[in-house]
Amino acid sequence: MKPFALVLAGARDSLPMLVGAAPFGVIFGTLAVGAGLSAGATLAMSAFVFAGSSQFVAVSLIGAGAALPVIWLTTFVVNLRHALYSATLLPYARDWNARWRWPLAFWLTDETFAVVEHRFRSQGAAGGQWYQLGSSLAMYLNWFLWSVVGVWLGKAVPGLAGWGLDFAMVATFTAIVAPQLKKRPALAAAAAAGAVALLARGLPYKLDLMLAALVGVLAGVACEKLAERRVAA
Amino acid sequence: MTIWLTIAGMALLTVLIRASFLVFGQRLSFPAWLNRALHYVPAAVLTALVVPMALAPQGTLDLSPANPYLVGTLVAGAVALLTRRTLLAIVVSFALYGALRWLG
């Protein structure tokens, strides 16, 4: 496949994620304006941070008058899951040089990770950097545009933040994960992670998320090992 | 002024986390068990993001059929599982969620 075709394929395969991220971008813009951020600061956050959930948390912390180190620490912990994504993609990125690694790392979101990891695992990673570039650019432009719409709507439609548009994120992630759960170790990973996330919710700095992720991965590995042992025996 | 410092710090932290292994780990080669463990990252992380929002959208556990987040999540999962069409699952569940929330 030629680079341009791969870019297009990456963007096209991200289409469901674009739809799911749209309402999320809108409420981010709305909430940020509601918390007192200027339009410029709101859009700068979408352009330079480009990490939806941490942007949400930061905006609510800013609105509550939290101190700078608290906002940074929270951002760090909320986004720590991206280090797991970074590690997961590393084996597929052997041939990429630094000119590729930096921008693709900057654009590494939950959605792009889900799309490219699925592709690399099922079809191999040949030309993967172009494919990931397509997904990344599509997600980036989409996020920025919907943030703009949110800023505009936030000023025009008071109360939009309370409409519950955040369900779009839940729907997107559920739709990505559900088909993977046909395999038992993945189901175990998801069940354990979900249970821990639920029980540990509200831990400071969103540490519950990392704890749940680690327990989930361990559960997946344990289940895989058990199955192997059963086959061997 | 503080807001720009806030954003600059957030941007720096986020890109460093994302670059951690991809950029700085170029020479790292993971042992086989770790590579296998990393296969469970998508299922574990995405589920950990979803479950609290679906089962406790207001912070307390709400397992009633009147919880539109829960109903919407179950429908999104079922449609995705049965049809393998992500976009369809998102659109259908979002429409149902909206209907439950605004009409019900």
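Rules and cut-offs
Residues numbered from 1 in each chain as written. Chains lettered and ligands numbered in written order. Predicted model: local features only at pLDDT ≥ 70, side-chain atom pairs only at ≥ 80, totals over all residues. Heavy atoms only, no water. Patch = residues over 30% accessible without salt bridge, like charges linked within 9 Å, V, L, I, M, F, W, Y side chains within 5 Å. Areas by Shrake-Rupley, 256 points an atom, 1.4 Å probe, with all protein chains shown as cover. Salt bridge = Lys/Arg side-chain N within 4 Å of Asp/Glu carboxyl O. Helix = DSSP H or I, 4+ residues; strand = E, 2+ residues; numbered from the N terminus. Buried < 20%, exposed > 50% of the residue type's maximum accessible area, 1.4 Å probe, protein only. Contact = heavy atoms within 4.5 Å. Axes fitted to C-alpha atoms, helices over the stretch in contact; angles between N-to-C directions. Parallel < 35°, antiparallel > 145°, perpendicular 65-115°, else oblique. Left-handed = near helix turned anticlockwise from the far one by under 90°. Nonpolar A, V, L, I, M, F, W, Y, C, P; charged D, E, K, R; others polar. UniProt positions renumbered as here; feature names shortened; annotations may be inferred. Core = buried A, V, L, I, M, F, W, Y, C linked by side-chain atoms within 4.5 Å. 1 Å grid on protein atoms, 1.4 Å probe; cavity = no way out; pocket = protein on both sides within 12 Å on 5 of 7 lines; lining within 4 Å. Points joined across faces, edges and corners; volume = space filled by probe spheres on them. Phe/Tyr/Trp six-rings, centres within 6.5 Å; stacked < 30°, edge-to-face > 60°.

## Structural notes on a nonpolar patch on the surface
Nonpolar side chains collect at one region of the surface, where Leu73, Phe76, Leu203, Tyr205, Leu207, Leu211 and Val215 of chain A lie side by side and expose about 530 Å² of accessible area between them. Mapped onto the secondary structure, leucine 211 of chain A falls in helix H12 (residues 207-232).

## Re the environment of leucine 165 of chain A
Along the chain, the position of leucine 165 of chain A falls in the loop between helix H9 (128-156) and helix H10 (167-177). Given a relative accessible area of 16%, leucine 165 of chain A falls into the buried group. Through-space distance from the C-alpha of leucine 165 of chain A to that of glycine 25 of chain A is 9.5 Å; in sequence the pair is 140 residues apart. If we ignore the near neighbours within four places in the chain, the residues touching leucine 165 of chain A are Pro23, Val26 and Ile27 of chain A together with Phe94 of chain B.

## Points about the packing of helix H2 (residues 15-34) of chain A against helix H4 (residues 52-63) of chain A
Residue and element names in this part refer to chain A. Following both chains from N to C, one finds H2 and H4 inclined at 20°, their axes separated by 10 Å at the closest point. Comparing the axis directions of H2 and H4 gives the class roughly parallel. Crossing handedness for the pair H2 and H4: left-handed. Touching Phe24, Ile27, Phe28, Leu31 and Ala32 of H2 are Gly52, Ser53, Gln55, Phe56 and Val59, all from H4. The class makeup of the residues in the contact of H2 with H4 is 7 nonpolar, 3 polar and no charged.

## Quick word on unusual backbone geometry
In this structure, phenylalanine 50 of chain A takes a positive phi of about 50° despite not being glycine. Among the secondary structure elements, phenylalanine 50 of chain A is positioned in the loop between helix H3 (39-48) and H4. Classification of phenylalanine 50 of chain A as buried rests on a relative accessible area of 3%. Despite not being glycine, arginine 84 of chain B has its phi angle at roughly 60°, a positive value. You can see arginine 84 of chain B is positioned in the loop between helix H4 (68-83) and helix H5 (86-102).

## Thoughts on the UniProt feature "transmembrane region" (unreviewed entry) in chain A
All names here are of chain A. Under the UniProt annotation, "transmembrane region" (unreviewed entry) lies at residues 58-80, 137-154 and 185-203. Within residues 58-80, the helical portion is 78% and the strand portion 0%, while the C-alpha atoms at the span's ends are 15 Å from each other. Structurally, residues 137-154 is divided into 100% helix and 0% strand, and its ends, taken at the C-alpha atoms, are 25 Å apart.

## Describing the nonpolar core
Residues Met45 of chain A together with Val41 and Leu46 of chain B are the most contacted members of the largest nonpolar core, which totals 94 residues. Beyond its immediate chain neighbours, meaning those up to four positions away, methionine 45 of chain A contacts Phe28, Leu37, Phe50, Gln55, Val59 and Ile62 of chain A together with Ile7 and Met10 of chain B.

## So, the layout of surface pockets
Estimated volume of the largest pocket: approximately 1,000 Å³. Residue lining of the largest pocket: 36 residues in total, with Phe56, Val57, Asp166 and Lys206 of chain A together with Met53 of chain B positioned closest to the centre. Those elements giving two or more residues to the lining of the largest pocket turn out to be H2, H4, helix H5 (68-79) and H12 of chain A together with helix H3 (41-55) of chain B. No other element matches the 5 residues that H4 of chain A contributes to the lining of the largest pocket. When its residues are assigned to classes, the lining of the largest pocket shows 22 nonpolar, 8 polar and 6 charged. Quantified by volume, the second largest pocket comes out at close to 830 Å³. Forming the boundary of the second largest pocket are 29 residues, of which His118, Ile176, Pro179 and Gln180 of chain A together with Arg84 of chain B lie nearest the centre. Among the elements that take part in the lining of the second largest pocket, helix H8 (residues 110-123) of chain A stands out by supplying 8 residues, more than any other. Residue composition of the lining of the second largest pocket, by class: 13 nonpolar, 6 polar and 10 charged.

## What about the packing of aromatic side chains?
Considering all chains together, one arrives at 22 aromatic pairs over all chains under this definition. Ring centres 5.5 Å apart and planes at 85° place the aromatic pair tryptophan 102 of chain A and phenylalanine 24 of chain B in the edge-to-face group. Of this pair, tryptophan 102 of chain A sits in helix H7 (residues 98-106) while phenylalanine 24 of chain B sits in helix H1 (residues 2-24), each in a different chain. On the basis of relative accessible area, tryptophan 102 of chain A is assigned to the partly exposed category, the value being 34%. Between tryptophan 163 of chain A and tryptophan 102 of chain B, the aromatic rings sit 6.1 Å apart at their centres with planes inclined by 65°, giving edge-to-face as the arrangement. With tryptophan 163 of chain A in the loop between H9 and H10 and tryptophan 102 of chain B in helix H5, this pair bridges two chains.

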